[in-house]
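# Inside the fold
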Amino acid sequence: MSLALELPRLETALRLPTQDERQQLLHGLLQPQARIDSKYFYDDLGCELFTNICQLDEYYPTRTEARIFAENRDAIAAQLPRNLQWIDLGCGDCGKTLQWLNVLQPARVIGVDIAGEFLQSSMIAVAQQHPQLECIGVVNDFTQHLDLHDLLAERPGNPPVFFYPGSSIGNFEPRAAMRFLRRIRAHCGEHGRLLIGADLIKPKAILEAAYDDARGVTAAFNLNVLNVVNRELDADFQPERFRHFAHFDAAHRRVEMHLVAKEKHSVSLGRHTRRYFGTDEHILTEYSHKYSLDEFRALLAASGLRCNHYWTDPQDWFGVFLAEPA
């Protein structure tokens, strides 16, 4: 008789929505330029929609990065320490991590994501395919708070390798990106590493199509954030009264995503607050910054990380960077 698979360990380091966080969300919505932090995209439905976005023809980052990894996996693996702890930040369905496990044979895998139920199912999928591998899920908003020191200290002889693919670093403003990378650097010790993907500058038409696909999956992903806000603030946004809009701001080297009011209307933001939206008024939901190769290596250096190795595609549309403590 075969033994039942032991469920992966799941830890919660998520700071539950506090009054201060709700106030910050409310404050953003009440500004002349209303704004919703992109972290609110990733409820369970948002995670599923983003997984679908990554499969779209227009969304080049996923397939371009995948090709870079496929063509250079052995070369990348050769630069990583042995018996490592693999930490997948924003692991989603763990599809990208699964492609690395046979070649790396890590001591254990730690998946970090904000959506708890989605994370648990993802880690179960990893454990089913690799039953001898220790799998741990950490429910955490790592963009705001990252502290895995105690968890990593359980395996002091196994250096951490942080895996942050998919160009999510572009969602941070450059200064915030530096602070985030410094938090990763603080976990690396002497032998830790960071393997990170970053989207590179390219023609405007290609960038904008990636964030406004013909099937409307990105639009659904963007509009779903209003359902999340409704739950967080007891608000009454009606997503059908907004439309999705994305454009590339060349001056700031970033794609911006917005929700645009189709008509004049008001929204209740809890019991005592109401916000009026005029026709074509925007809610900013995401920035996605783009870099040149030299700019991103300079960002890593300013964060205390030295990049001696990087890989790109033939068109230099996307970069994969391997960084170590400077």
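Each chain has its residues counted from 1, following the order in which its sequence is written. Reporting in this predicted model follows two pLDDT cut-offs: at least 70 for local features of residues, and 80 or more for side-chain atom pairs to be given and counted; totals over whole chains, interfaces and linings ignore these cut-offs and use all residues. Hydrogen atoms and water are omitted, and side-chain values are computed over all heavy atoms in the structure.

The chain is annotated in an unreviewed UniProt entry as L-histidine N(Alpha)-methyltransferase of Halopseudomonas sabulinigri.

## Some points on the sheet that holds strand β8 (residues 242–249)
Filter applied, for reference: Between any two strands, pairing holds if DSSP finds at least two bridges. The helix and strand labels rest on DSSP assignments: H or I over at least four residues marks a helix, E over at least two residues marks a strand, and numbering proceeds from the N terminus.
On the basis of which strands lie adjacent, the open sheet formed by four strands has the order β2-β12-β9-β8 and mixed pairing. Each edge of the open sheet carries a strand with a single partner, namely β2 (34–35) and β8. Here β2 pairs with strand β12 (residues 282–289) via two bridges, running parallel. When the bridges of β12 are listed, alanine 34 appears paired with isoleucine 283.

## Some points on the nonpolar core
Stated formally: Residues enter a nonpolar core if they are buried and are Ala, Val, Leu, Ile, Met, Phe, Trp, Tyr or Cys, with the set joined through side-chain atoms within 4.5 Å. We call a residue buried when its accessible area falls under 20% of the maximum for its residue type, exposed when it is over 50%, and partly exposed in between, using a 1.4 Å probe and counting protein chains only. Any pair of residues with heavy atoms lying within 4.5 Å of one another is described as a contacting pair.
Among the nonpolar cores identified, the biggest contains 38 residues, and Leu29, Ile36, Leu226, Phe237, Phe242, Phe277 and Ile283 are the most heavily contacted of them. At the level of secondary structure, the elements contributing two or more residues to this core comprise α1 (19–30), α2 (44–53), α9 (204–210), α10 (217–233), β8 and β9 (254–261). Sorting elements by how many residues they give to this core places α10 first, with eight residues. Ignoring any residue separated from it by four or fewer positions in sequence, one finds leucine 29 in contact with Ala34, Arg35, Ile36, Val229, Leu233, Phe237, Leu269, Arg275 and Ile283. Core analysis: the second largest hydrophobic core is formed by 34 residues, Leu151, Ala177, Ile184 and Leu305 among them.

## Observations regarding the environment of alanine 210
Along the chain, alanine 210 turns up in helix α9. Under the relative-accessibility criterion, alanine 210 is labelled buried at 2%. A sequence separation of 45 residues divides alanine 210 from valine 255, and the C-alpha atoms of the two residues are 9.7 Å apart. Beyond its immediate chain neighbours, meaning those up to four positions away, alanine 210 contacts Glu58, Tyr59, Tyr60 and Thr218.

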